[in-house]
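As a plain string of letters, each chain reads:
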Amino acid sequence: MATAIPGFEYRRVPVADGVSLNAAVAGSGPAIVLLHGFPQTHLMWRHVAADLAADHTVICPDLRGYGASDKPGEAGPDTYSKRTMAADIVALARALGHDRFALAGHDRGALVAIRAGLDHPETITHLAILDVLPTLDMWDVMHGASAAVGFHLYLMAQPPGLPERMIAASSDAFFGHFLDLWANDPAAIPADVRAAYLDACRGAVPSIVADYRASAGIDVEHDQADRDAGNRLPMPVTVLQQDWGAALGYDAVGLWRPWAADLHHATVTCGHFMAEEAPADIVKALRDLLAR
């Protein structure tokens, strides 16, 4: 089963009290941290990371609550807030010797990356966001029958207990549903990688649900506070998304522009798992971002 990125060294790095992250590290030069999405692990970056490691220090962690990283119990809303998870990433990079770094995130990792950019603007030099909206805007565009595409957001927003039991009762079917539905090219996630994703998710149901639950509560509060204060992402930002605006009836660029002073926004034709389905395109987009 694929559990490692070839050529990368694996480290277990303490980032908070009682929490260590599993991270794959390779290369030398300016640092870039790559954050995975759902229902995946750091393995989703295997193609992109290998290319970038030719001239960058590339750090690919499993997020708190995912993969081989620690999965603390949900002691309160802060445990899996994106603010807490972003602080993990800043601590990880600092422990590896990088006080400033570029950051790219996909899906859940992109939400962590946005929060890192807002909370630590002096630390994040460049920011790439793959296939999400900021949490506050995400909830605003979900309405009517079209919101059924995000049923999992509502399921995992429920109080502790029921969603965890329901998902754990058929975890492979639940997580596999998204791997099947969201990929335009199923071959991009080969059987061994798919098995690794399902195995990792199977062992992380409570923490994955807690991550999503935070996005229906405390993460919205943090986003709203930034919007009210007029805070923006000051670093160069690249956003790559499927054409969700056309599908759900919103102006994606219009939603992003208030958040980012230096924004490049583009839609893609591949599926949600773009770093696996179109890695060459993602590498080019990241290299273009790093040159800004």
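Residues numbered from 1 in each chain as written. Predicted model: local features only at pLDDT ≥ 70, side-chain atom pairs only at ≥ 80, totals over all residues. Heavy atoms only, no water.

> Sorry if this is basic, but what is going on with the packing of helix H7 (residues 171-181) against helix H8 (residues 191-202) here?
A pair of packed helices is characterised by two quantities: the angle between their axes and the separation of those axes. Running from N to C, H7 and H8 point in directions that differ by 135 degrees, and their axes come no closer than 9 Å. Relative to H8, the element H7 lies oblique. Where H7 crosses over H8, the two elements pack in a sense that is right-handed. Residues Ser171, Asp172, Phe175, Gly176, Leu179 and Asp180 of H7 form the contact with H8, whose participating residues are Arg194, Tyr197, Leu198, Cys201 and Arg202. Along the lines of polarity and charge, the residues of the contact of H7 with H8 split into five nonpolar, two polar and four charged. (Axes fitted to C-alpha atoms, helices over the stretch in contact; angles between N-to-C directions. Helix = DSSP H or I, 4+ residues; strand = E, 2+ residues; numbered from the N terminus. Parallel < 35°, antiparallel > 145°, perpendicular 65-115°, else oblique. Left-handed = near helix turned anticlockwise from the far one by under 90°. Contact = heavy atoms within 4.5 Å. Nonpolar A, V, L, I, M, F, W, Y, C, P; charged D, E, K, R; others polar.)

> Can you walk me through the pattern of salt bridges in this structure?
For side chains bearing opposite charge, pairing can occur when the charged atoms are close. Per the stated rule, a full pass over the model turns up 22 salt bridges. Among the salt bridges present, the one from Asp219 reaches Lys82, with a minimum N-O distance of 2.7 Å. Residue Asp219 is found in helix H10 (residues 218-229), and its partner Lys82 is found in helix H2 (residues 82-95); the two are separated by 137 residues along the sequence. Since its relative accessible area comes to 3%, Asp219 is described here as buried. Residue classification places Lys82 among the buried residues on the basis of a relative accessible area of 3%. As a salt-bridge pair, Arg94 and Asp99 come within 3.6 Å of each other at their nearest N and O atoms. The network of salt bridges with common partners includes Arg83, Arg115, Asp119, Asp223 and Asp226. (Salt bridge = Lys/Arg side-chain N within 4 Å of Asp/Glu carboxyl O. Buried < 20%, exposed > 50% of the residue type's maximum accessible area, 1.4 Å probe, protein only.)

> I would appreciate a short explanation of the packing of aromatic side chains in the present structure.
Both the distance between ring centres and the angle between the ring planes are used here to describe each pair of aromatic rings. One pass over the full model with this rule turns up eleven aromatic pairs. Relative to Phe273, the ring of Trp182 lies with its centre 6.2 Å away and its plane at 45 degrees, an arrangement referred to as tilted. Taken together, the residues span a long stretch of sequence, with Trp182 in the loop between H7 and H8 and Phe273 in the loop between strand E8 (260-267) and helix H13 (274-277) at a distance of 91 residues. Judged on exposure class, the residue Trp182 and its partner Phe273 are both buried. Aromatic rings pair up to connect Phe38, Phe151, Phe174, Phe175, Phe178, Trp182, Tyr212 and Phe273 into one cluster. Over the ring of Tyr212 we find Arg108; its NZ or CZ atom is 3.7 Å from the centre of that ring. (Phe/Tyr/Trp six-rings, centres within 6.5 Å; stacked < 30°, edge-to-face > 60°. Lys NZ or Arg CZ within 6 Å of the ring centre and 35° of its normal.)

> What is the right way to look at the nonpolar core in this model?
The nonpolar side chains of a soluble globular protein tend to be buried with one another. Ranked by internal contacts, the top residues of the largest apolar core, which has 101 residues, are Leu34, Trp45 and Leu103. In terms of residue count, the dominant contributor to this core is helix H3 (residues 108-119) (seven residues). Non-local contacts of Leu34, meaning those with residues more than four positions away in its chain, are made with Trp45, Val48, Ala49, Leu52, Val58, Ile59, Cys60, Pro61, Ala104 and Leu286. (Core = buried A, V, L, I, M, F, W, Y, C linked by side-chain atoms within 4.5 Å.)

> Please explain helix H14 (residues 279-290) as it appears in this structure.
Each α-helix turn comprises 3.6 residues. Residues three or four places apart therefore point the same way. Along its twelve residues, H14 runs 16 Å from first to last C-alpha, staying within 8% of the 16 Å computed at 1.5 Å per residue. Every buried residue of H14 is accounted for by Ile282, Val283, Ala285, Leu286 and Leu289. Down the axis of H14, the sector holding all buried residues measures 165 degrees, keeping them to one side. Exposed positions of H14 whose direction lies more than 90 degrees from the buried face are Ala280, Asp281 and Lys284. Here the buried face of H14 lies against strand E3 (31-35), helix H1 (46-52), strand E5 (101-106), strand E6 (124-130), strand E7 (233-241) and H13. (Expected span 1.5 Å × (residues − 1). Arc of directions from axis to C-beta.)

> Sorry if this is basic, but what is going on with the environment of Leu179 here?
Within the element layout of this structure, Leu179 appears in helix H7. Sequence separation between Leu179 and Asp281 is 102 residues, and the spatial gap between their C-alpha atoms is 20 Å.

> What should I look at first to understand the side chain of His56 in this one?
With respect to the secondary-structure elements, His56 resides in the loop between H1 and strand E4 (57-61). Side-chain polar atoms of His56 contact the side chain of Asp55, separated by 2.9 Å. Ignoring sequence-local partners within four residues, the contact set of His56 consists of Ala26, Gly27, Ser28, Gly29, Pro30, Ile32, Arg287 and Leu290. (Polar contact = N/O pair within 3.5 Å; in protein donor to acceptor, adjacent residues only side chain to side chain.)

> Could you clarify how one ought to interpret the sheet that holds strand E2 (residues 19-26) in this entry?
Strand pairing within a sheet occurs via backbone hydrogen bonds; the two strands may be parallel or antiparallel. With respect to topology, eight strands assemble into an open sheet ordered E1-E2-E4-E3-E5-E6-E7-E8, the strand pairing being mixed. Two strands lie at the open edges of the sheet, namely strand E1 (9-16) and E8, each paired on one side alone. Taken pair by pair, the neighbouring strands of this sheet meet at an average axis angle of 20 degrees, ignoring direction. Judged from the three bridges that link them, E3 and E4 form a sheet pairing that is parallel. Opposite Ala31, over in E4, you have Thr57 as the bridge partner. Packing against the sheet, H2 makes contact with E1, E2, E3, E4 and E5, and its axis sits at approximately 125 degrees to E1. Its contacts with the sheet put H14 on E3, E5, E6 and E7, and the angle it makes with E6 is roughly 150 degrees. (Pairing = 2+ DSSP bridges.)

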